[in-house]
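Breakdown of the fold
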Amino acid sequence: MAFTCMQIVLMVGMLVTGSINTLSKKAQNDCVVKGYPEKSKNNTAEPHEFNHPWFQTLIMFIGETICLIGFVIVRKRERDKRKNEFSITAIDEIPKQFQNRLIQVVVAFPTVCDLIGTSLAGIGLVYVDASVWQMLRGSIIIFAGILSKIFLKRKLRTVHWAGMMVTMCGLVLVGCSSVFKAKSSSSGGSKTLLGIALILGSQLVSASQMVVEELFLKKRSLHPLHVVGMEGTFGVILMSAVVLPVMYYVPGSDVNNSYENSLDALYQIANEPRLLVFCILYLTSIAFYNYFGLAVTKSLTAVHRTLIDACRTMLVWGVDLIIYYAFDKDFGEPFDKQFGLLQVDGFFFLLIGTALYNELVHVECIPCLREPRKEVTFVVDTSSTQKGNIQSAEFSDSDEINTSEKTPLLQD
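Structural notes, computed from the coordinates. (Residues numbered from 1 in each chain as written. Predicted model: local features only at pLDDT ≥ 70, side-chain atom pairs only at ≥ 80, totals over all residues. Heavy atoms only, no water.)

What about the layout of surface pockets?
Over the atoms rolls a probe the size of a water molecule, and in doing so it shows where empty space is left. Looking at the second largest pocket, its volume works out to about 840 Å³. Taken together, 35 residues line the second largest pocket, and the ones lying closest to its centre are Lys-26, Asp-30, Val-126, Tyr-127 and Asp-129. Of the residues belonging to the lining of the second largest pocket, the class tally is 13 nonpolar, nine polar and 13 charged. (1 Å grid on protein atoms, 1.4 Å probe; cavity = no way out; pocket = protein on both sides within 12 Å on 5 of 7 lines; lining within 4 Å. Points joined across faces, edges and corners; volume = space filled by probe spheres on them. Nonpolar A, V, L, I, M, F, W, Y, C, P; charged D, E, K, R; others polar.)

Quick notes on a nonpolar patch on the surface
Taken together, the side chains of Ile-146, Ile-150, Phe-151, Trp-161, Leu-215 and Phe-216 present a nonpolar region at the surface, about 580 Å² in accessible area. Breaking the nonpolar patch down by element, the ones donating at least two residues are helix 6 (140–151) and helix 8 (189–216). Relative to the assigned elements, Phe-216 resides in helix 8. Given the relative accessible area of 48%, Phe-216 is considered partly exposed. (Patch = residues over 30% accessible without salt bridge, like charges linked within 9 Å, V, L, I, M, F, W, Y side chains within 5 Å. Areas by Shrake-Rupley, 256 points an atom, 1.4 Å probe, with all protein chains shown as cover. Salt bridge = Lys/Arg side-chain N within 4 Å of Asp/Glu carboxyl O. Helix = DSSP H or I, 4+ residues; strand = E, 2+ residues; numbered from the N terminus. Buried < 20%, exposed > 50% of the residue type's maximum accessible area, 1.4 Å probe, protein only.)

Description of empty space enclosed by the protein
All told, the structure shown has three cavities of 30 Å³ or more when counted by the stated rule. The space that makes up the second largest cavity amounts to roughly 80 Å³. Forming the boundary of the second largest cavity are 13 residues, of which Lys-181, Asp-336, Phe-339, Gly-340 and Gln-343 lie nearest the centre. For the lining of the second largest cavity, the elements supplying multiple residues, two or more each, are helix 7 (158–184) and helix 13 (340–357). Among the elements that take part in the lining of the second largest cavity, helix 7 stands out by supplying three residues, more than any other.

Some details on the packing of aromatic side chains
Tallied over the entire structure, the rule returns nine aromatic pairs. Measuring from centroid to centroid gives 5.0 Å for Tyr-36 and Tyr-267, while their planes differ by 85°, and the two rings are edge-to-face. In this pair, Tyr-36 is assigned in the loop between strand 1 (32–34) and strand 2 (47–49) and Tyr-267 in helix 10 (residues 262–271), connecting sequence segments 231 residues apart. Tyr-36 gets classed as partly exposed once you look at its relative accessible area, which sits at 23%. Ring plane angle 85° and centroid distance 5.1 Å describe the contact between Tyr-248 and Tyr-249, whose orientation is recorded as edge-to-face. When its relative accessible area of 25% is taken as the criterion, Tyr-248 is described as partly exposed. For Tyr-249, a relative accessible area of 69% translates into the label exposed. Members of the aromatic cluster, joined through ring pairs, are Phe-288, Tyr-291 and Phe-292. Here the guanidinium or amino end of Arg-312 rests over the ring plane of Tyr-289, the centre of that ring lying 5.0 Å away. (Phe/Tyr/Trp six-rings, centres within 6.5 Å; stacked < 30°, edge-to-face > 60°. Lys NZ or Arg CZ within 6 Å of the ring centre and 35° of its normal.)

Points about the pattern of salt bridges
The tally for this structure, following the rule as stated, stands at eight salt bridges. Between Arg-154 and Glu-214 there is a salt bridge, with its nearest N and O atoms 2.6 Å apart. Here the residue Arg-154 occupies a position in the loop between helix 6 and helix 7, and Glu-214 occupies one in helix 8, the gap between them amounting to 60 residues. Glu-214 matches Arg-154 in its accessibility class, with the two residues each being buried. Among the ionic pairs, Arg-274 bridges to Asp-328, the shortest N-O distance being 3.7 Å. You can see Arg-274 sitting in helix 11 (residues 273–299) and its partner Asp-328 sitting in the loop between helix 12 (302–327) and helix 13, a full 54 residues away along the chain. Owing to a relative accessible area of 43%, Arg-274 belongs among the partly exposed residues under this scheme. A residue is classified by how much of its surface remains accessible, and Asp-328, at 24% relative accessible area, is partly exposed. Through salt bridges with shared partners, a single ionic network connects Glu-38, Lys-41 and Glu-46.

Overview of the packing of helix 1 (residues 5–30) against helix 11
When two helices pack together, you describe them by how their axes are tilted relative to each other and by the distance separating the axes. Where helix 1 contacts helix 11, the axes come no closer than 7 Å and their chain directions differ by 150°. Taken together, the axes of helix 1 and helix 11 lie roughly antiparallel to each other. Classified by chirality, the crossing of helix 11 by helix 1 is left-handed. Classifying every residue of the contact of helix 1 with helix 11 gives 17 nonpolar, 10 polar and one charged. (Axes fitted to C-alpha atoms, helices over the stretch in contact; angles between N-to-C directions. Parallel < 35°, antiparallel > 145°, perpendicular 65-115°, else oblique. Left-handed = near helix turned anticlockwise from the far one by under 90°.)

Quick word on unusual backbone geometry
Here the phi dihedral of Asn-42 falls at roughly 55°; this positive angle occurs in a residue that is not glycine. When you line up the elements, Asn-42 lands in the loop between strand 1 and strand 2.

A closer look at the side chain of Ser-202
Assignment of secondary structure puts Ser-202 in helix 8. Look at Ser-202 and you get buried, because its relative accessible area is 0%. Polar contacts involving the side chain of Ser-202 include one to the main-chain carbonyl oxygen of Ile-199, which spans 2.5 Å. Each residue touching Ser-202, except ones within four places of it in the same chain, is listed here: Gly-117, Leu-120 and Ala-121. (Polar contact = N/O pair within 3.5 Å; in protein donor to acceptor, adjacent residues only side chain to side chain. Contact = heavy atoms within 4.5 Å.)

Notes on the environment of Asp-328
In contact with Asp-328, not counting residues within four places along its chain, are Arg-274 and Ile-323. Among the polar contacts listed, one links the side chain of Asp-328 to the backbone nitrogen of Asp-330, at a separation of 2.9 Å.

Any functional reading would require information beyond the geometric quantities listed.
Listed below in structure tokens is the structure:
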């Protein structure tokens, strides 16, 4: 199909903002900056890595909250349009989907899933490269498929199970390449295994969030920007009032023996302009990625969004390599000559698995993976004097299935 200029702009915008999302988050972790003074070191501040995944989750929620601005604009346009269509006396009869309240408490539960999933993924990103992190996030189609089968009673054909199995093979290859690379270097493989486990766990939580949103929010006809914005609002409140204060007082290895010291994160951001830029890029990319993603799904299809996410993985990996070899070796990642090809193979398995699951390709040589054939339904006109006279034929797909999984609105 031929794309319009606007559709190309939307796709490029989604690809670029999604890549900035991942790259800026990993760049924050690579910054070594002075932070909050440590009591154990005579109140002196020493440079250390920006290791604050829970604080990064707060930044993400702030970015999601910005989506409420877009929702307010969209709702105002819709209401103005309805006012022009309806008479003044019929304004009260405007459909309910255009009269939604701004505050929806039911969104609070998916917010908790978003909080846990994003934080686990952020912790995992500390131990693995950005490209590996982006590839491992492809595991969400496995968890989403299984959970939708169990809770949403969604029918999955053989091609979907085959896609999930191929994706699993790709995840194993990518995970093995990351672990082998860590063992061959100075860093141990145990932390890499922990990072992989946390990322996979985060995708399980994110898939649960998708199922919860479909169960509780689909019937309410809420606008996607409304859902994302309210999740961000509840997330900011929950993080600021509960999670971050608790993390501050829980014993840990962060500054002043905290599990995570948010004051240290603020001091580091204030002391390093580059870190501040990375945080701003991360925040704004969250908001614009959600907008472009929704616009692409509305203008094109969810399949196009899946393909853009695959291109996002390649772009993240390519930019990381360019940054490392051409600009600054403190950022980006090198290509591992010993196990890099294993990661490349895993990436192609992930692409093939995603294509099978979304039915972008059909393997005609395997019967169970072929494209479903259309049945011909014959309608016989019984009023005709000649029995069996075929008056019309209609085509219907007997194996029709709704395979478009709800794509997560945030791929931080």
